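# Observations on the model geometry
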Amino acid sequence: MGFIDALLGRKHPAVIGLDISSSSVKLVELDQTANGEFVLERFASEPFEKGWITDGQIEKFDEVAAAVKRVLSKSGCKTRNVVMAMPQSAVITKKIMLPAGLREEEMELQVESEANQYIPFSLDEVSLDFCVLGPSTTSAGDVEVLIAASRKERVQDRQGLAEAAGLKPVVLDIESHASRMAIGRVVAALPNEGRDALVALFEIGADTTSLKVLRDDEMLYDRDQAFGGSQLTQLISRQYGFSFEEAEAKKLSGDLPEDYETAILAPFVDSLSQEIGRALQYFFTSTPHHKVHYVMLAGGTATLPGLKDRVTDLTGFASSVVNPFENMQLASSVRESRVRREAPSYLTACGLAMRRFVQ
């Protein structure tokens, strides 16, 4: 099973996209109508306790595997083929140029010799994969090739997790590639199909927020910052004396004391908006760009009341909350109210599920 099999355009039978983050597992299954419209068949999530996964490393294998089984059972999913992803921090990627027309085995040898130069450990310890992206735009007669490498034990962890839950891993992707695939659909629905638009995508996770600036499916900028939704959970836990897990559950259900909005939520939304503004400023000072056309917010924290408007006020750029299921048909078992409430946290899982239909 290659990392980026999916980038080669192999169409798979029914699959589920399974996104394993530091705070939860999220599942998405998609189908397509005869005229190519996406159908959201099912989606579900199951929380993790703090410390089960740290920096992308699975620390509590049995607990995480049990949570994956629970999400499968909760979703009612019968499909066993799964597309998963490695965290970007666990994968080294590099684009190289190779002569067009090489046979597969010649290309493999070239890729290995290139990989030897920049991978900081022995190739015996590494899972290596590559795909041809297409003809080079800069050198005639060459093709652009994407190489991806990760330590074998990190790859085996993900594969083992799928197998422990009774699943068959068919593709192992990279999280950032999956979220870019899902956001591509959202951008294509913008005026003029989003052509030439600079889109600043903020994915607000539990512990990390990543900013990707995209233009015409090219990533111009990618930077992570150490702030996220778990900081709000910690504030709730400290203010009201709940455990971290209790605070997280109450945050999600909205079951909090009357002064929560003024004492905790409003100041947090303000400081998060300022962090987003600072991240954009950092992008402007380190690139030739001085504006973006759209700011898009994804992740569970993106739906906090007032955040989108505060970001628009502070940055001066139109801000919106991403719904990766926008303009999809919903299966009869999927509740629209739940889609509206939870969709922004399913960006990566949606991109993984879309891999089945990549041509």
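Thresholds applied
- Residue positions are counted from 1 within each chain, in the order its sequence is given.
- Note on the predicted model: pLDDT of at least 70 is required for a residue's local features to be given, and 80 or more for side-chain atom pairs to be given and counted; whole-chain, interface and lining totals, by contrast, use all residues.
- Working from all heavy atoms in the structure, the side-chain values ignore hydrogens and water.
- A run of H or I in DSSP becomes a helix once it reaches four residues, and a run of E becomes a strand once it reaches two; helices and strands are each numbered from the N terminus.
- Based on C-alpha atoms, the radius of gyration is set beside the globule rule, defined as 2.2 Å times the residue count to the power 0.38.
- Only protein chains enter the accessibility calculation, which uses a 1.4 Å probe; a residue whose area is less than 20% of its type maximum is buried, one above 50% is exposed, and one in between is partly exposed.
- Contacts: residue pairs with any heavy atoms within 4.5 Å of one another.
- Only the protein chains shown count as cover for residues, with accessible areas throughout obtained via the Shrake-Rupley method and a probe of 1.4 Å.
- Note on pairing: two strands pair once DSSP finds at least 2 bridges between them.
- Fitted lines through C-alpha atoms serve as axes, helices being fitted only where they are in contact, and the angles separating the N-to-C directions of these axes extend from 0 to 180 degrees.
- What counts as a ring pair is set by centres within 6.5 Å for rings of Phe, Tyr and Trp (its six-membered ring), and what kind of pair is set by the plane angle: stacked under 30 degrees, edge-to-face over 60, tilted for all other angles.
- Geometrically, a charge over a ring is one whose NZ (Lys) or CZ (Arg) sits within 6 Å of the ring centre while staying within 35 degrees of the ring normal.
- Roughly parallel here means an angle under 35 degrees, roughly antiparallel means over 145, roughly perpendicular means 65 to 115, and every remaining angle is called oblique.
- Throughout, a crossing is termed right-handed when the near helix is turned clockwise from the far one, and left-handed when it is turned anticlockwise from it by less than a right angle.
- What makes a salt bridge here is a side-chain nitrogen of Lys or Arg within 4 Å of a carboxyl oxygen of Asp or Glu, nothing more.
- Here, nonpolar core means buried Ala, Val, Leu, Ile, Met, Phe, Trp, Tyr and Cys residues that are tied together by side-chain atoms lying within 4.5 Å of each other.
- Any helix carries an expected span of 1.5 Å times its number of residues minus one.
- To be clear, the arc concerns the directions from the helix axis to the C-beta atoms.
- Under the grouping applied here, Gly and all other residues not named as nonpolar or charged are polar, the nonpolar ones being Ala, Val, Leu, Ile, Met, Phe, Trp, Tyr, Cys and Pro and the charged ones Asp, Glu, Lys and Arg.

## Here's the deal with the overall build of the chain
When you go through the chain residue by residue, the secondary structure sums to ten helices and 16 strands. Taken over C-alpha atoms, the radius of gyration comes to 21 Å for the chain, in line with the 21 Å a tight globule of 359 residues would show. The principal-axis extents of the C-alpha atoms in the chain amount to approximately 65 × 50 × 45 Å. Within the chain, the proportion of its 359 residues that are buried is 48%. The contacts of the chain with a sequence gap of at least 6 include a subset with a gap of at least 24, amounting to 67%. Of the roughly 16,900 Å² that the chain leaves accessible, carbon and sulfur atoms contribute 46%.

## Focus on the sheet that holds strand S9 (residues 142-151)
Remark on secondary structure: sheet strands pair via backbone hydrogen bonds, oriented parallel or antiparallel. Taken together, three strands build an open sheet; the order of strands is S7-S9-S8 and the sheet is antiparallel. On the outer flanks of this sheet lie strand S7 (92-99) and strand S8 (126-135), each paired with one strand and no other. Along the sheet, successive strands turn relative to each other by an average axial angle of 25°, direction set aside. The pairing of S8 with S9 spans nine bridges and is antiparallel. Residue Val-132 lies in a different strand from S9, and its bridge partner there is Val-145.

## Looking at the packing of aromatic side chains
The relation between two aromatic rings is expressed through the spacing of the ring centres and the mutual angle of the planes. Enumeration according to the criterion identifies nine aromatic pairs in this entry. Through pairs of rings, three or more aromatic residues link up here, namely Tyr-221, Phe-283, Phe-284 and Phe-317. When the ring centre of Phe-242 is taken as origin, the NZ or CZ atom of Lys-250, which lies over that ring, is 5.0 Å away. Over the face of the ring belonging to Phe-43 we find Arg-338, whose NZ or CZ atom lies 3.9 Å from the ring centre.

## Considerations on the packing of helix H1 (residues 61-75) against helix H3 (residues 152-164)
Where H1 meets H3, the closest approach of the two axes is 9 Å, and the angle between their N-to-C directions is 50°. Regarding the angle of H1 to H3, the classification is oblique. For the pair H1 and H3, the sense of crossing is right-handed. On H3, the residues that touch Phe-61, Val-64, Ala-65, Val-68 and Lys-69 of H1 are Asp-157, Gly-160, Leu-161 and Ala-164.

## Some thoughts on the sheet that holds strand S11 (residues 199-204)
With respect to topology, five strands assemble into an open sheet ordered S13-S12-S11-S14-S15, the strand pairing being mixed. Each having just a single partner strand, strand S13 (218-225) and strand S15 (319-321) make up the two edges of the open sheet. For this sheet the average axis-to-axis angle between neighbouring strands, irrespective of direction, equals 20°. Of the pairings in the sheet, the one linking S11 to strand S14 (residues 294-298) comprises five bridges and is parallel in character.

## Structural notes on the side chain of Ser-150
Mapped onto the elements of the fold, Ser-150 is located in strand S9. The exposure class of Ser-150 is buried, given its relative accessible area of 2%.

## Description of the pairing of S13
Bridging between strand S12 (residues 209-215) and S13 involves seven bridges; their strand directions are antiparallel. Note that in S13 the partner of Arg-215 across the bridge is Glu-218.

## Things to note about the pattern of salt bridges
Counted by the stated rule, this structure contains 20 salt bridges. When the shortest N-O distance is used, the salt bridge between Glu-46 and Arg-70 registers 2.9 Å. You can see Glu-46 sitting in strand S3 (residues 38-47) and its partner Arg-70 sitting in helix H1, a full 24 residues away along the chain. Accessibility expressed as a relative area gives 38% for Arg-70, which makes it partly exposed. When salt bridges that share partners are traced, they join Glu-46, Arg-70 and Lys-74 into one network.

## Quick look at the nonpolar core
Soluble, globular proteins show a tendency: their nonpolar side chains are buried together. The biggest cluster of nonpolar side chains holds 33 residues, and the ones touching the most others in it are Phe-202, Ile-236, Val-292 and Val-295. Counting only elements with at least two residues in this core, the list comes to S11, S12, helix H5 (229-240), helix H7 (260-286), S14 and helix H8 (307-315). In terms of residue count, H7 provides more of this core than any other element does, eleven residues in total.

## Notes on the pairing of S11
Here S11 lies mainly inside the structure; six of its six residues are buried. Neither face of S11 is open: one carries Val-199, Leu-201 and Glu-203, the other Ala-200, Phe-202 and Ile-204, and all of them are buried. Bridge count between S11 and S12: six bridges; the pairing is antiparallel. Counterpart to Ile-204 in the pairing with S12 is Thr-209. Between the antiparallel neighbours S11 and S12 lie four residues.

## Some details on helix H2 (residues 104-118)
Here H2 spans 22 Å end to end across 15 residues, near enough to the 21 Å set by a 1.5 Å rise per residue. Within H2 the residues assigned to the buried category are Met-107, Val-111 and Ala-115. One face of H2 carries all of its buried residues, which in axial projection span an arc of 70°. H2 presents Leu-109, Asn-116 and Gln-117 as exposed residues on the side facing more than 90 degrees away from its buried surface.

## So, the packing of H5 against helix H6 (residues 244-253)
Contact geometry of H5 with H6 gives a least axis separation of 8 Å together with a crossing angle of 110°. Taken together, the axes of H5 and H6 are roughly perpendicular relative to one another. In this structure, H5 contributes Gly-229, Ser-230, Leu-232, Thr-233, Gln-234, Ile-236 and Ser-237 to the contact, and H6 contributes Phe-244, Ala-247, Glu-248 and Lys-251. In terms of residue class, the contact of H5 with H6 is made up of four nonpolar, five polar and two charged.

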